[in-house]
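Structural characterization, general
Chain residues, written in single-letter form:
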Amino acid sequence: MVESDIPDILVIERYSFPNPWKPAAFVGEVHNSPISHPMVLVIRPENIIVGYVIYWQIKEEVQINNIALHPNFRGRGLGTIMMKYVFERVILNGARYIILEVRPSNTTALHLYEKFGFSVLGVRKGYYINPAEDALVMGKTV
Ligand SMILES: CC(C)(COP(=O)(O)OP(=O)(O)OC[C@H]1O[C@@H](n2cnc3c(N)ncnc32)[C@H](O)[C@@H]1OP(=O)(O)O)[C@@H](O)C(=O)NCCC(=O)NCCS
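Residues numbered from 1 in each chain as written. Predicted model: local features only at pLDDT ≥ 70, side-chain atom pairs only at ≥ 80, totals over all residues. Heavy atoms only, no water.

Remarks on the site of the ligand
Not every one of the 21 residues close to the ligand is listed here, only the nearest: Leu69, Gly77, Thr80, Asn106 and Lys115. In this structure, a nitrogen atom belonging to the ligand sits 2.8 Å away from a main-chain N or O atom of isoleucine 67. Within the contact set of the ligand, an oxygen atom lies 2.6 Å away from a side-chain nitrogen or oxygen of threonine 80. Against a free-state accessible area of 940 Å², the protein chains account for coverage of 71% of the ligand. Of all elements in the fold, only β3 (61-69), α3 (78-92), β4 (97-102) and α4 (107-115) reach the threshold of two or more residues within the shell around the ligand. A per-element tally of the shell around the ligand places α4 first, with 6 residues. Across the shell around the ligand, the residue classes tally to 9 nonpolar, 8 polar and 4 charged. (Near = heavy atom within 4 Å. Polar contact = N/O pair within 3.5 Å; in protein donor to acceptor, adjacent residues only side chain to side chain. Areas by Shrake-Rupley, 256 points an atom, 1.4 Å probe, with all protein chains shown as cover. Helix = DSSP H or I, 4+ residues; strand = E, 2+ residues; numbered from the N terminus. Nonpolar A, V, L, I, M, F, W, Y, C, P; charged D, E, K, R; others polar.)

In structure tokens:
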């Protein structure tokens, strides 16, 4: 991910989440966070950004902070490909634990994470707004 990708990312972000990240949040991930690994999924040869994933890694610990695909490109295995890529990268860099948060109502994301062996570690009460919902904290040892 580079700064010039952000307008395309924002389109996907706004399709994907009721409380989308603001542009400055993406700029911060690209420029201001040494622990952040923001990446885009690009379809070739058209060079269209169809998705992105952002994770933080501090030595053995990884947190996946954002993952989304354009609605036209969901449900065809690309989320699985992005997760596999993240796993390969973080394991090469010494990861032992991966955590993330998800809405219990997000059945597709839950299915994806369970497929990768994540299990529920806990619940953050009232974590999400609009609509209000708890967050499931999911984790996996790698
Ligand atoms: C979550 C997301 C990244 C998943 O990517 P995707 O490309 O759609 O997922 P995949 O096609 O790789 O499918 C992953 C698994 O979920 C299943 N799945 C796909 N669509 C589904 C649906 N609508 N309902 C239930 N399961 C579904 C697939 O069958 C697959 O499981 P399988 O391999 O056992 O068959 C994507 O749907 C998305 O961008 N959603 C909006 C943003 C979001 O919710 N991000 C996660 C926030 S925690």
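Having put the structure on the table, let's press on.
Some remarks on the side chain of threonine 80
Checked against the element boundaries, threonine 80 lands in helix α3. A polar contact is formed between the side chain of threonine 80 and the side chain of lysine 115, at a distance of 2.8 Å. For threonine 80, the contacting residues outside a window of four places in its chain are Leu112, Lys115 and Phe116. (Contact = heavy atoms within 4.5 Å.)

With respect to the environment of histidine 70
Mapped onto the fold, histidine 70 is located in the loop between β3 and α3. You can call histidine 70 buried: its relative accessible area is 17%. When the C-alpha positions of histidine 70 and tyrosine 127 are compared, they lie 24 Å apart, and in sequence the two are 57 residues distant. Those residues in contact with histidine 70 that sit more than four places away from it in its chain are Ile12, Tyr15 and Val50. (Buried < 20%, exposed > 50% of the residue type's maximum accessible area, 1.4 Å probe, protein only.)

Digging into the packing of aromatic side chains
Each aromatic ring pair is described using two quantities: the centre-to-centre distance and the angle formed by the ring planes. According to the stated counting rule, one finds 6 aromatic pairs in the structure shown. For the ring pair phenylalanine 26 and tyrosine 52, a centre distance of 5.8 Å and an interplane angle of 90° mean the geometry is edge-to-face. With phenylalanine 26 in helix α2 (residues 23-32) and tyrosine 52 in strand β2 (residues 48-58), this pair connects stretches of sequence that are 26 residues apart. Assessed through its relative accessible area of 0%, phenylalanine 26 is described here as buried. By relative accessible area, which is 0% here, tyrosine 52 ends up buried. The interplanar angle of 85° and the centroid separation of 4.9 Å between the aromatic rings of tyrosine 127 and tyrosine 128 together place this pair among those described as edge-to-face. Given a relative accessible area of 19%, tyrosine 128 falls into the buried group. Members of the aromatic cluster, each reached through a chain of ring pairs, are Phe87, Tyr113, Phe116 and Phe118. (Phe/Tyr/Trp six-rings, centres within 6.5 Å; stacked < 30°, edge-to-face > 60°.)

What about unusual backbone geometry?
Looking along the chain, the bond that leaves arginine 44 and enters proline 45 is cis, with omega of 5°. The backbone of asparagine 47 sits at a positive phi, close to 60°, despite the residue not being glycine. As for its position among the elements, asparagine 47 is in the loop between β1 (36-43) and β2. Note on asparagine 47: relative accessible area 49%, which makes it partly exposed.

Some words on the sheet that holds β4
Strand order in the open sheet formed by 6 strands is β1-β2-β3-β4-β6-β5, and the pairing between neighbours is mixed. The two strands at the open ends of the sheet, each matched to only one other strand, are β1 and β5 (119-128). Going from strand to strand, the sheet's axes swing by 25° on average, the running direction of each strand aside. Bridge analysis of β4 against strand β6 (residues 133-141) gives 6 bridges, and the strand direction is antiparallel. Counterpart to isoleucine 99 in the pairing with β6 is glycine 139. Across the sheet, helix α1 (residues 6-16) is in contact with β1, β2 and β3; its angle to β2 comes to roughly 85°. Contacting β1, β2, β3, β4 and β6, α3 runs over the sheet at an angle of about 160° to β3. (Pairing = 2+ DSSP bridges. Axes fitted to C-alpha atoms, helices over the stretch in contact; angles between N-to-C directions.)

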